[in-house]
Amino acid sequence: MDSKSKNFMKNIRRYNSMFSFTSMGGKIDYSINKGNAPYIFRLGGQNYHSIGSLLPPNGSQPKFSQLYIYDTENENSNRQRCFGGEKHQSTSIDNYIIEDLKVMLDSNNVLVSSYRMVRDTFTKNPQVDLKLRIIGKRDRDGRTYNLPTASEVAALIVGDISDSIENRDIVVQTKSGFLQRISELHPSYLPLQYPLLFPYGDDGYNVDILHRGVTSTTNSKRAKCTMREFFAFRIQDRDHSFSLILNSKRLFQQFLVDAYTMIESERLYYIRSQQHVLRCESYENLRNQKAQGITNISNIGQRVILPSSFTGGARYMLQNYLDAMSLCKWFGYPDFFITFTCNPKWPEVRRFLKDTSLQPEDRPDILCRLFKIKLDAFIKDLRENHIFGIVQAVVYTIEFQKRGLPHSHICLFMHSDYKLPTVELIDPIISAEIPNIDEDPELFSLVNEFMIHGPCGAENINCPCMIDKKCSKNFAKQFCNHSSVDQNGFPLYRRRNDGHFVEKSDVKLDNRNVVPYNKYLLKRYQAHINVEWCNQGSSIKYLFKYINKGPGRATVAVVRSNNDSDTNDAVDEINEYPSVVRLPFHLPGQQQIVYGEDDDIDDVLDKPSVASSMFTAWMECNAVNRDARKLTMSKPEVVWENTWEYLADGILYNQRQRFKSPDLSLNEDQLKNLTLFEIEQVLLRNNSSLKNYKNMPFPDVDSVSSSNNRLITEELDYDIHVMKTEFDSMFLALTDEQRHIFLDIMSAVKENKGGVFFVYGYGGTGKTFLWKTISAAIRCDGNIVLNVASSGIASLLLPGVTSLAY
């Protein structure tokens with residue numbers, strides 16, 4: 001490939017923008033492509049394409065479709081100025097390539113020819129108010145456009161674009177001052193946005209493409225091609241055929257993002273057009289409307305748009321979350337939490353690209369396919385080869401990193417015989433240490449490449465993990481000779497100070513920077529595979545955190561055990577376990593009713609399933625059935641005492657996030673009080689209060705205020721035992737003069753007399769040491785010290801300085 005061709009392939013996305021007829025909506029994030037990481041096309045917001053007027057406003061530079069009509073004598077320089085910028089004109093943008101592309105499109109692209117015809121017509125008749133209508137009329141083969149005549153180009157009878165699927169015309173005015181939206185279902189949608197991928201201007205997707213071998217008279221439910229099938233067909237590799245789309249590098253990434261948003265738009269359109277107009281309102285409100293004589297319910301309640309069957313929707317995510325939490329209820333907490341990340345350097349990827357000029361990031365479709373194959377093998381390995389023992393269930397989600405690579409979060413629910421009851425059993429399964437390079441050079445190389453975090457911190461403050469000048473992953477960890485569990489139930493893996501290290505970016509990193517891994521899985525799959533031991537619900541909550549993140553996506557699979565060693569007499573607990581039944585809770589008469597916009601109000605209210613819900617039926621059963629009453633926790637104080645630890649799950653995490661203090665700890669009384677406060681806030685929003693339950697404790701609001709005060713919380717967070725040891729050591733080191741001052745000040749503190757003390761001395765006489773001793777003495781009794789320094793240097797010497805006074 002010559003230098004000119006290489007330059008074109010390198011900049012094909014920019015060149016495509018120069019010749020595009022339309023502008024892309026949404027917000028393209030250019031800031032993410034910093035550093036040495038692979039390029040990624042990242043789009044935020046709603047994606048759409050708009051086409052503007054034929055001529056730019058007075059004083060503005062031409063762009064997009066205007067470049068084909070306005071000031072064509074300087075067309076190349078206008079393209080450079082608009083899309084390349086002045087600084088690129090003499091370097092990365094090749095003017096010869098721009099000219100070659102211009103000639104090629106003029107000769108072959110029917111859309112370009114249409115615009116050139118507009119230019120010629122406008123040149124001859126500048127007073128005509130031109131509108132360009134791209135005709136959706138094709139020859140028998142369904143591919144070639146009949147070009148519009150000059151009279152059609154100048155016609156003034158074309159209407160505005162609407163949301164109708166049948167209206168597939170595009171209108172361009174001379175100077176409208178507005179951008180016009182192009183429907184994703186228009187045949188020219190893709191060739192207008194990607195002229196270099198569709199150099200002949202041939203059709204993209206349209207709604208009436210038939211499947212091969214199917215005619216319009218065929219009796220088939222799905223005779224026509226869907227948008228997903230169309231794009232799947234276009235991005236397939238075929239022998240003896242060159243695909244411009246698959247070789248367009250960065251433009252291919254943009255094309256795939258665009259294609260996905262188009263597919264989702266089509267699915268949303270189908271839901272909107274195929275279902276009846278549904279609304280949702282409470283049973284009580286509907287009865288009140290009827291009592292007032294209102295029979296038209298078309299404007300009552302809220303529209304119901306997305307059903308739970310729509311992948312990624314709020315109802316879909318909520319149901320998956322509830323299903324996963326039901327697994328926790330049946331099997332207990334997950335035992336292992338594994339993150340499996342795609343490796344773009346897998347030998348399969350290199351073998352696929354060896355005879356091309358493409359990089360792995362240029363073929364995200366191949367990376368995704370290979371990752372799914374690897375993930376399926378990974379899950380099978382865990383289940384059938386019993387890497388960690390017999391697995392009862394697997395729950396996983398697939399996400400995409402900010403830099404585009406897919407990764408999966410996996411929760412393993414182990415059989416009761418293969419759970420890890422004690423922390424001593426962790427070490428043979430999970431390692432957080434650098435192996436000896438002489439004993440296992442392969443493992444050493446893999447850990448060095450995939451399982452080392454950093455460098456970050458002071459050595460690399462620009463590392464992506466750095467937030468507020470701290471590592472958000474809490475690296476580097478502490479050395480530890482034995483694995484243990486901290487007070488919050490999180491494992492502290494063995495990280496011995498054995499002298500082993502690796503070097504990255506000229507920084508030596510030891511065991512404190514190792515991400516926990518399993519030796520077998522790391523060797524077998526040669527990718528970043530983080531294995532964590534867990535005995536709590538936080539991991540399952542993390543797995544489904546996207547239910548609160550709006551348009552986030554997750555794919556969930558629950559895989560039951562298929563152990564070949566099971567006998568016929570073995571009990572299949574999953575088959576015996578009933579499907580999840582979601583019991584809706586609501587106040588009397590507040591059950592939500594879904595009805596059609598044109599339904600009669602009497603028909604809606606008279607349905608037997610409307611007047612009573614599953615919850616009200618359960619309450620009625622309690623009224624007549626004594627055994628059913630045993631199913632309700634009726635004494636709230638008993639429920640509180642037995643479940644407060646579960647209810648408090650997340651309180652400590654929220655406080656740590658609020659104060660940006662990952663090591664913050666709260667005692668039991670503080671956790672209980674904050675949990676009660678949260679419960680009280682929920683009850684108040686629903687016109688109730690804990691005060692309505694006489695045996696229930698009530699939160700101490702003043703204590704909550706203190707807990708939410710960062711200064712107070714940090715002061716009360718000191719380890720009293722450590723502070724006592726520190727104070728004893730420092731007190732013995734005091735000089736006679738320092739001890740005399742110390743006793744005077746501490747006497748005033750203990751007797752609550754107050755006072756102002758001024759200590760004067762030359763530098764190096766021990767003033768700071770005295771203040772540290774006083775602070776430790778007060779803190780080891782559980783009291784609060786607020787140190788205030790008068791200079792920046794002093795603030796670095798005193799523990800827990802809260803502010804500077806000048």
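From a predicted model like this one, the values you see are computed outputs, not experimental measurements. Here, residues in each chain are numbered from 1, in the same order as that chain's written sequence. Two thresholds apply to this predicted model, a pLDDT of at least 70 for residue-level local features and 80 or more for giving and counting side-chain atom pairs, whereas whole-chain, interface and lining totals are computed over all residues. Values reported for side chains reflect all heavy atoms of the structure, with hydrogen atoms and water molecules removed beforehand.

Asker: Looking at this structure, how should I read the packing of aromatic side chains?
Answerer: Note on aromatic pairs: each is described by the distance of the centres and the angle between the planes. Side-chain rings of Phe, Tyr and Trp (the six-membered ring for Trp) are treated as a pair once their centres are within 6.5 Å; stacked means planes under 30 degrees apart, edge-to-face means over 60, and tilted covers the remaining angles. A complete count under the given rule lists 14 aromatic pairs for this structure. Their ring planes at 50° and their centres at 6.3 Å tell us that Phe 340 and Trp 346 sit as a pair that is tilted. In terms of burial, Phe 340 and Trp 346 fall into one category: buried. Of the aromatic side chains, those joined through ring pairs into one cluster are Tyr 194, Tyr 205, Phe 230, Phe 231 and Phe 255. Relative accessible area decides the class of each residue, using a 1.4 Å probe on protein chains only: under 20% of the type maximum gives buried, over 50% gives exposed, and in between gives partly exposed.

Asker: Hey, could you run me through unusual backbone geometry in this one?
Answerer: What you tend to see is this: most non-glycine residues have negative phi, and most peptide bonds are trans. Each neighbour pair has its own omega, and for Gly 454 with Pro 455 the value is 5°, a cis peptide bond. Looking at where Pro 455 falls in the secondary structure, it is placed in the loop between α14 (441–450) and β13 (466–467). Put simply, Phe 475 and Ala 476 share a cis peptide bond, and its omega is 5°. Secondary structure elements are taken from DSSP: a helix is a run of H or I of four residues or more, a strand is a run of E of two residues or more, and numbering for both begins at the N terminus. Summarising the element assignment, Ala 476 is placed in the loop between β14 (470–471) and β15 (484–485).

Asker: Just to check I follow, could you spell out the confidence of the model for the protein chain for this structure?
Answerer: Regions with low pLDDT should not have their predicted coordinates read in detail. Per-chain confidence: the protein chain averages 77 in pLDDT, with 76% of residues scoring 70 or above. The pLDDT value tells you how sure the predictor is about a given residue, anywhere from 0 up to 100. Contact between two residues is taken to exist if any of their heavy atoms lie within 4.5 Å; hydrogens are not considered. Confidence over residues 85–91 falls short of pLDDT 50; this stretch has six contacts with residues more than four positions distant or in other chains. When the criterion is pLDDT under 50, residues 561–577 qualifies, and its contacts beyond four places in sequence or with other chains add up to 19 contacts.

Asker: Mind showing me how you'd approach the pairing of strand β11 (residues 391–400) here?
Answerer: Regular strands have side chains that alternate between both faces of the sheet. Summarising burial for β11: nine of the 10 residues are buried, a large majority. Of the pairings in the sheet, the one linking β11 to strand β12 (residues 406–414) comprises nine bridges and is antiparallel in character. The residue bridging Val 394 from the neighbouring strand is Leu 412, located in β12. Here a strand pair is declared whenever DSSP counts at least two bridges between the two strands. Between β11 and β12, which pair antiparallel in sequence order, lie five residues; one of them, Gly 404, sits at a positive phi of approximately 95°.

Asker: It is not clear to me how the pattern of salt bridges should be interpreted in this structure. Could you clarify?
Answerer: Here, a salt bridge means any side-chain nitrogen of Lys or Arg that lies within 4 Å of a carboxyl oxygen of Asp or Glu. Tallied over the full model, the rule gives 17 salt bridges. Salt-bridge contacts for Glu 75 lead to Arg 79; the nearest nitrogen and oxygen are separated by 2.3 Å. Here Glu 75 pairs with Arg 79, and both are found in helix α3 (residues 75–84), just four residues apart, close to one helical turn. Arg 79 carries the same exposure label as Glu 75, and that label is buried. For Arg 524, the salt bridge identified is with Asp 381, shortest N-O distance 2.7 Å. In this pair, Arg 524 sits in helix α15 (residues 519–525) while Asp 381 sits in helix α13 (residues 364–384), placing the two residues 143 residues apart along the sequence. Residue Asp 381 is classed as buried on the basis of its relative accessible area of 2%. Salt bridges sharing common partners tie together Asp 427, Glu 433, Arg 494 and Arg 496.

Asker: It is not clear to me how the packing of helix α21 (residues 636–647) against helix α23 (residues 668–685) should be interpreted in this structure. Could you clarify?
Answerer: The geometry of a pair of packed helices is captured by two quantities: the angle between their axes and the separation between those axes. Angular values range over 0 to 180 degrees, each being the angle between N-to-C directions of two axes fitted as lines to C-alpha atoms, with helices fitted over their stretch in contact. For the pair α21 and α23, interaxial distance at closest approach is 10 Å and the crossing angle is 90°. It follows that α21 is roughly perpendicular to α23 by the angle criterion. Here α21 contributes Trp 640, Glu 641, Trp 644 and Leu 647 to the contact with α23, which in turn contributes Glu 668, Leu 671, Lys 672, Thr 675, Leu 676 and Ile 679. Of the residues in the contact of α21 with α23, the class split is six nonpolar, one polar and three charged. Each angle receives one of four descriptions, namely roughly parallel if under 35 degrees, roughly antiparallel if over 145, roughly perpendicular if within 65 to 115, and oblique otherwise. Under the scheme applied, nonpolar residues are Ala, Val, Leu, Ile, Met, Phe, Trp, Tyr, Cys and Pro; charged residues are Asp, Glu, Lys and Arg; polar residues are all the others, including Gly.

Asker: Explain helix α22 (residues 651–659) here, please?
Answerer: Spacing of three or four residues puts side chains on the same side of an α-helix, whose turn is 3.6 residues. Inspection of α22 places Ile 651, Leu 652, Gln 655, Arg 656 and Phe 659 among the buried residues, and these make up the whole buried set. End-on view of α22: buried residues confined to an arc of 135°, all on one side of the axis. Where α22 terminates, the next one or two residues include Lys 660, which has phi positive at roughly 55°. Directions pointing from the helix axis toward each C-beta atom define the arc.

Asker: Is there a simple way to think about the environment of Ile 745 in this case?
Answerer: Tracing the backbone shows Ile 745 in helix α27 (residues 736–750). The buried category is assigned to Ile 745, whose relative accessible area is 9%. Note: C-alpha distance between Ile 745 and Ile 774 (29 residues apart in sequence) is 8.2 Å. Excluding anything up to four places from it in sequence, Ile 745 contacts Phe 757, Trp 771 and Ile 774.

Asker: What exactly am I supposed to notice about the state of the cysteines here?
Answerer: In a disulfide, the sulfur atoms of two cysteines are covalently bonded to one another. The disulfide definition used here is simple: a pair of cysteine sulfur atoms within 2.5 Å. This model, assessed by the stated rule, comprises zero disulfides. Left unpaired, Cys 342 is separated from the closest cysteine sulfur, that of Cys 368, by 7.4 Å. The cysteine Cys 471 is free of any disulfide, with Cys 465 supplying the nearest cysteine sulfur at 3.6 Å. On the basis of relative accessibility, which here comes to 10%, the residue Cys 471 falls in the buried class.

Asker: What am I meant to see in a negative patch on the surface here?
Answerer: By definition, no residue in a patch forms a salt bridge, and every one has over 30% relative accessible area; like charges are joined within 9 Å, nonpolar side chains (Val, Leu, Ile, Met, Phe, Trp, Tyr) within 5 Å. Surface accessibility in these figures is a Shrake-Rupley result with a 1.4 Å probe; residues are shielded only by whichever protein chains are displayed. Charge convention: Lys and Arg are scored as positive, Asp and Glu as negative, and His as well as the terminal groups of each chain are ignored. To locate a charge, take atom NZ for lysine, CZ for arginine, CG for aspartate or CD for glutamate. A surface patch of negative charge is lined by Asp 598, Asp 599, Asp 600, Asp 603 and Asp 606. Tracing the chain through its elements places Asp 598 in the loop between β21 (592–596) and α18 (601–605).

Asker: Would you mind going over the side chain of Thr 773 with me for this structure?
Answerer: Among the structural elements, Thr 773 can be located in helix α28 (residues 767–779). If near-sequence neighbours (up to four positions away) are discounted, Thr 773 is found in contact with Phe 727, Met 730, Phe 731, Leu 734 and Phe 742.

Asker: Mind showing me how you'd approach the environment of Lys 508 here?
Answerer: Among the secondary structure elements, Lys 508 is positioned in strand β18 (residues 507–509). In this structure Lys 508 comes out as exposed when scored by relative accessible area, which is 58%. When the C-alpha positions of Lys 508 and Pro 455 are compared, they lie 8.4 Å apart, and in sequence the two are 53 residues distant. Not counting the four nearest positions on each side in its chain, Lys 508 is found in contact with Phe 501, Val 502 and Glu 503.

Asker: Help me out: how do you make sense of the nonpolar core in this one?
Answerer: Here is a general trend for soluble globular proteins: nonpolar side chains tend to be buried in one another's company. Of all hydrophobic cores here, the largest spans 47 residues; its most connected members are Phe 8, Tyr 15, Tyr 68, Leu 190, Tyr 194, Phe 231 and Phe 255. Contributions of two or more residues to this core are made by α1 (3–10), α2 (12–19), α4 (95–108), α5 (110–124), α7 (189–193), α8 (227–234) and α9 (250–274). In terms of residue count, the dominant contributor to this core is α9 (six residues). Here Leu 190 is in contact with Phe 198, Gly 204, Tyr 205, Phe 230, Phe 231, Phe 255 and Met 262, once residues within four sequence places are set aside. Throughout, nonpolar core names a set of buried Ala, Val, Leu, Ile, Met, Phe, Trp, Tyr and Cys residues whose side chains join them through atoms within 4.5 Å.

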